[in-house]
Amino acid sequence: FLSGRTALVTGSTSGIGLGIASALAAAGANVAINGLGSDEQIAQAIATVKAAGAAEVRHFGADLRDAQQIADMMAAINAWSPLDVLVNNAGIQHAAPLAQQPVQKWNDIIAINLSSAFHTMQATLPGMAERGFGRVVNIASVHGLVASKDKAPYVASKHGIIGLSKVAGLEYAAAGDRASGGVTVNCVCPGWVETPLIEPQIQARIPAGGNRDDGVRALLAEKQPSLRMSLPEDIAAMVVWLCRREAHNVTGASLPVDGGWTAQ
Ligand code: NAD
């Protein structure tokens, strides 16, 4: 249902972003991927998304800490094709008590997890409104809804992106109509998802003499009542659904995929 549409997924050389890019490709979209990595990792990501069914896949290497690189990327993408789907997914994490968070980590986390979405949305939403169709999906986190210790910059960035998305959802709520599909802006809020991002937190919980599975169990037991990890494709399925025409009246929402974490 996305054939002829073009999507950008930031941070799609790994993890959840790669899963989302692949799922959008499988639904027929041309996909712009973005993210850091070795030449080999980037080539692998392009091949994965192509194999999933994308007519066209291009990689844009912008470092999202840099507003000028984001502006250049958005200009290049718009010269290729106007964007119908924008998924702000790139994100980093640094766990440490607030008093010990390096200032550089604060700046990088706010830049990548929050400010980059402001810049990409500013470059994309007016065109979506003109065309009457657009989907912005921001990958926030349960940490956009509730807090945990040792994650001050991350929790601040994720609460921020939920606020940003609510404003954009309101400003574009009346764009387009039922037939064109409208313009929506939403957040998906995952709990634990199996990706490289959470590996240090798994490793930190492996008891003496234990293995990685023990670390995963300990991590889930703290917060996620289902005691099951999500996989990137589980998050991607929600993103794909939000892109459907039937989702035209879901906007400004923050949808948890968290095994009951935020129901407690
Ligand atoms: P990941 O580490 O597997 O992937 C992160 C992606 O972001 C990579 O493609 C990386 O290259 C890219 N990236 C990092 N810094 C960048 C920069 N400066 N410029 C451009 N790209 C950059 O992580 P993931 O777990 O797939 O996380 C994806 C999103 O999901 C993040 O926003 C994260 O906060 C969110 N999230 C993850 C979990 C989880 O449990 N894994 C839970 C909730 C929310």
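You'll find the structure just up there.
The rules behind the values
- Residues numbered from 1 in each chain as written.
- Predicted model: local features only at pLDDT ≥ 70, side-chain atom pairs only at ≥ 80, totals over all residues.
- Helix = DSSP H or I, 4+ residues; strand = E, 2+ residues; numbered from the N terminus.
- Rg over C-alpha atoms; globule rule 2.2 N^0.38 Å.
- Buried ≥ 20, exposed ≤ 12 C-beta atoms within 10 Å, placed from the backbone.
- Core = buried A, V, L, I, M, F, W, Y, C linked by C-beta atoms within 7 Å.
- Contact = placed C-beta atoms within 7 Å.
- Right-handed = clockwise from strand over helix to strand, strands pointing away.
- Pairing = 2+ DSSP bridges.
- Near = placed C-beta within 6 Å.
- Nonpolar A, V, L, I, M, F, W, Y, C, P; charged D, E, K, R; others polar.
- Axes fitted to C-alpha atoms, helices over the stretch in contact; angles between N-to-C directions.

**Quick look at the overall build of the protein chain**
Inference 1: When you go through the protein chain residue by residue, the secondary structure sums to 8 helices and 7 strands.
Inference 2: Over its C-alpha atoms the protein chain spans a radius of gyration of 18 Å, differing by no more than 12% from the 18 Å that the globule rule assigns to 264 residues.
Inference 3: Here the C-alpha coordinates of the protein chain stretch approximately 55 × 40 × 35 Å along the principal axes.
Inference 4: With 264 residues in all, the protein chain has 45% of them scored as buried.

**Notes on the nonpolar core**
Inference 1: Judged by nonpolar contacts, the single largest core of 69 residues is most densely connected at I20, L24, V31, V87 and V239.
Inference 2: Residue contacts for V31: discarding those within four places in its chain leaves A7, V9, A21, L24, A25, V49, A54 and V57.

**Some points on the pairing of strand β2 (residues 30-34)**
Inference 1: With 5 of its 5 residues buried, β2 lies for the most part within the structure.
Inference 2: Burial along β2 is two-sided: the residues N30, A32 and N34 and V31 and I33 are all buried.
Inference 3: Following the chain from strand β1 (residues 6-9) across helix α1 (residues 15-26) to the adjacent parallel β2, one finds a crossover that is right-handed.
Inference 4: Where β2 meets strand β3 (residues 57-60), 4 bridges bridge the pair, whose relative direction is parallel. When the bridges of β3 are listed, V31 appears paired with V57.

**Let's talk about the site of the ligand**
Inference 1: Around the ligand, 29 residues are found, and the nearest of them are G11, G15, G35, G91 and L197.
Inference 2: Elements that contribute at least two residues to the shell around the ligand include exactly α1 and α4 (103-131).
Inference 3: Per-element tally for the shell around the ligand: the top contributor is α1, with 3 residues.
Inference 4: Here the residues of the shell around the ligand sort into 13 nonpolar, 14 polar and 2 charged.

**Description of the sheet that holds β1**
Inference 1: On the basis of which strands lie adjacent, the open sheet formed by 7 strands has the order β3-β2-β1-β4-β5-β6-β7 and parallel pairing. Each edge of the sheet is formed by a strand with only one pairing partner; in this case those strands are β3 and β7 (254-257). Within the sheet, the average angular offset between the axes of one strand and its neighbour, ignoring direction, is 20°.
Inference 2: Note: β1 against strand β4 (residues 85-88), 3 bridges, orientation parallel. The partner of A7 across the bridge, within β4, is V85.
Inference 3: Each of β1, β2 and β3 touches helix α3 (residues 67-80); the most contacted strand, β3, lies at about 165° to it.

**Concerning the environment of V137**
Inference 1: In this fold, V137 is placed in strand β5 (residues 133-139).
Inference 2: Here the alpha-carbon distance between V137 and V85, two residues 52 residues apart in the chain, equals 7.9 Å.
Inference 3: Among residues more than four places away in sequence, those in contact with V137 are V87, N186, V188, V239 and L242.

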